[in-house]
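# Examining the three-dimensional arrangement
Take a look at the letters that make up each chain.
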Amino acid sequence: MNSFLLDGHVLGKRRAGTERYWKNLISALSSLNNRRLFVYTSPKNLTSNNKHIEVYKPLLKNSIFRLTIGFNLAIKNVNANLLHVDFFAPLIKTCPLVVTVHDLAFITKPSLFNPVFRFLASILLRWTLRISDAVICPSWEIKRELVSKCRISKEKVFVVYYAADPIFRRIKDRSRVKAQLVRKFKIKTDFFLVPGDLEERGRPKVVLDGFVKFCQNNKNFELVFAGFIKWGKKANDYMSLFENNQIRFLNYVADDDLNELYNCAQAVLYLSSYEGFG
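What comes next is a walk through the structure. Values in this document were obtained by computation on a predicted structure and should not be read as measured data.

What counts as what
Residues numbered from 1 in each chain as written. Predicted model: local features only at pLDDT ≥ 70, side-chain atom pairs only at ≥ 80, totals over all residues. Heavy atoms only, no water. Salt bridge = Lys/Arg side-chain N within 4 Å of Asp/Glu carboxyl O. Helix = DSSP H or I, 4+ residues; strand = E, 2+ residues; numbered from the N terminus. Buried < 20%, exposed > 50% of the residue type's maximum accessible area, 1.4 Å probe, protein only. Axes fitted to C-alpha atoms, helices over the stretch in contact; angles between N-to-C directions. Parallel < 35°, antiparallel > 145°, perpendicular 65-115°, else oblique. Left-handed = near helix turned anticlockwise from the far one by under 90°. Contact = heavy atoms within 4.5 Å. Nonpolar A, V, L, I, M, F, W, Y, C, P; charged D, E, K, R; others polar. 1 Å grid on protein atoms, 1.4 Å probe; cavity = no way out; pocket = protein on both sides within 12 Å on 5 of 7 lines; lining within 4 Å. Points joined across faces, edges and corners; volume = space filled by probe spheres on them. Core = buried A, V, L, I, M, F, W, Y, C linked by side-chain atoms within 4.5 Å. Pairing = 2+ DSSP bridges. Phe/Tyr/Trp six-rings, centres within 6.5 Å; stacked < 30°, edge-to-face > 60°.

With that out of the way, let us pick up the pattern of salt bridges. Inspection of every chain in the model, using the stated rule, returns 12 salt bridges. One salt bridge in this structure joins Glu54 and Arg36, with 2.4 Å as the shortest N-O distance. Linking Glu54 in strand 3 (residues 53-56) with Arg36 in strand 2 (residues 35-40), this pair joins segments that are 18 residues apart in sequence. The class of Glu54 is partly exposed, set by a relative accessible area of 29%. For Arg36, a relative accessible area of 32% gives the class partly exposed. Between Glu141 and Arg144 there is a salt bridge; the shortest N-O distance is 3.1 Å. Highlighted residues: Glu141 and Arg144, both in helix 5 (residues 140-150), separated by 3 residues, approximately one helical turn. Look at Glu141 and you get partly exposed, because its relative accessible area is 39%. One salt-bridge network, in which partners are shared between bridges, spans Arg20, Asp165 and Asp255.

Relative orientation of the contacting elements helix 6 (residues 174-185) and helix 9 (residues 255-264) amounts to 120°, with a least axis distance of 10 Å. Comparing the axis directions of helix 6 and helix 9 gives the class oblique. The crossing of helix 6 and helix 9 is left-handed. On helix 9, the residues that touch Arg174, Val177, Lys178, Gln180, Leu181, Lys184 and Phe185 of helix 6 are Asp257, Glu260, Leu261, Asn263 and Cys264. The residue inventory of the contact of helix 6 with helix 9, partitioned by class, reads 5 nonpolar, 2 polar and 5 charged.

Attention now goes to the layout of surface pockets. Gaps between atoms show up when a probe of the same size as a water molecule is rolled over them. When its volume is computed, the second largest pocket comes out at roughly 220 Å³. Together, 14 residues line the second largest pocket, and His9, Lys13, Ser42, Asn45 and Lys61 are the ones closest to its centre. Partitioning the lining of the second largest pocket into residue classes produces 4 nonpolar, 6 polar and 4 charged.

In this structure, Val101, Leu125, Leu129 and Leu146 are the most contacted members of the largest nonpolar core, which totals 36 residues. Counting residues per element, this core draws most heavily on helix 2 (residues 63-78), at 6 residues. Beyond its immediate stretch of four places on either side in the chain, Leu129 contacts Val99, Val101, Val135, Leu146, Cys150, Ile152 and Lys156.

Direction of pairing for strand 1 (residues 2-7) relative to strand 2: parallel, over a ladder of 6 bridges. Paired with Asp7 across the two strands is Tyr40, which belongs to strand 2. Strand direction decides the pairing type here: strand 2 and strand 3, joined by 4 bridges, are parallel. Residue Leu37 lies in a different strand from strand 3, and its bridge partner there is Ile53.

This paragraph deals with the packing of aromatic side chains. Taken as a whole and judged by the stated rule, the model has 18 aromatic pairs. Between Phe228 and Tyr252, the aromatic rings sit 6.0 Å apart at their centres with planes inclined by 20°, giving stacked as the arrangement. Taken together, the positions of Phe228 in the loop between strand 9 (221-226) and helix 8 (239-243) and Tyr252 in the loop between strand 10 (247-249) and helix 9 put the pair 24 residues apart, joining distant regions of the chain. Classification of Tyr252 as partly exposed rests on a relative accessible area of 30%. Among the aromatic side chains, those forming a connected cluster through ring pairs are Phe87, Phe88, Phe106, Phe113 and Phe117.

The topology assignment puts Ile64 in helix 2. Judged by its relative accessible area of 65%, Ile64 is exposed. The spatial distance from the C-alpha of Ile64 to the C-alpha of Pro166 is 35 Å, given a sequence separation of 102 residues.

The following block contains the structure:
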């Protein structure tokens, strides 16, 4: 029986789409016969009764250990026939390797990232792409960027589109959901939803400035951000709207709550300047 080792280091870190990708990938692969899946993560981050899924708990959680020793130690201990990683592979390749690259933002949008992180991530990714046997990406645009900017063979890059998580579905009884939003988040009026982390890539200033103009003729409306705040002190420029409870930062919300927000929002605003899926 073949053994696959899957990179689950993002599980439990509330990284929205990336974490959801790995959860669903692990679940899908577990349905294959004659496969044993080992997930490199802490046991608390993955609960499953599936006999084909086993958790490999690393000795240390940090990235340096994972890339220098952790992955290869796990490969040896579980006798893995294949390693599938998220972005970055171990420095020494000891078995066939698959990598998922969600985007190349730190290469194509360098101003959005810390220079040290950008430099190290670029080196590690190029090394990973060089030694990998197959590369998975979510769109043809990312494949073109991988081939042109990272100079890898297009034959080993495979486009696999993201799919909608089944947890996101239409809810017919919106009145019940609205009551729950009042109780959970104190959202009492109509609102626009901005999903994802609040960061420069999402062009929050464009969203907020547009909402300020909208509020000149629409006082009973709210703008709701569902994601971690990574925009620093720039949000203070809109303090008057905070004081009037017209802007709400919910930080990370569970998928069930996010689905309710999607169902009750008057519109979803997503103005990202760059995303790997399109």
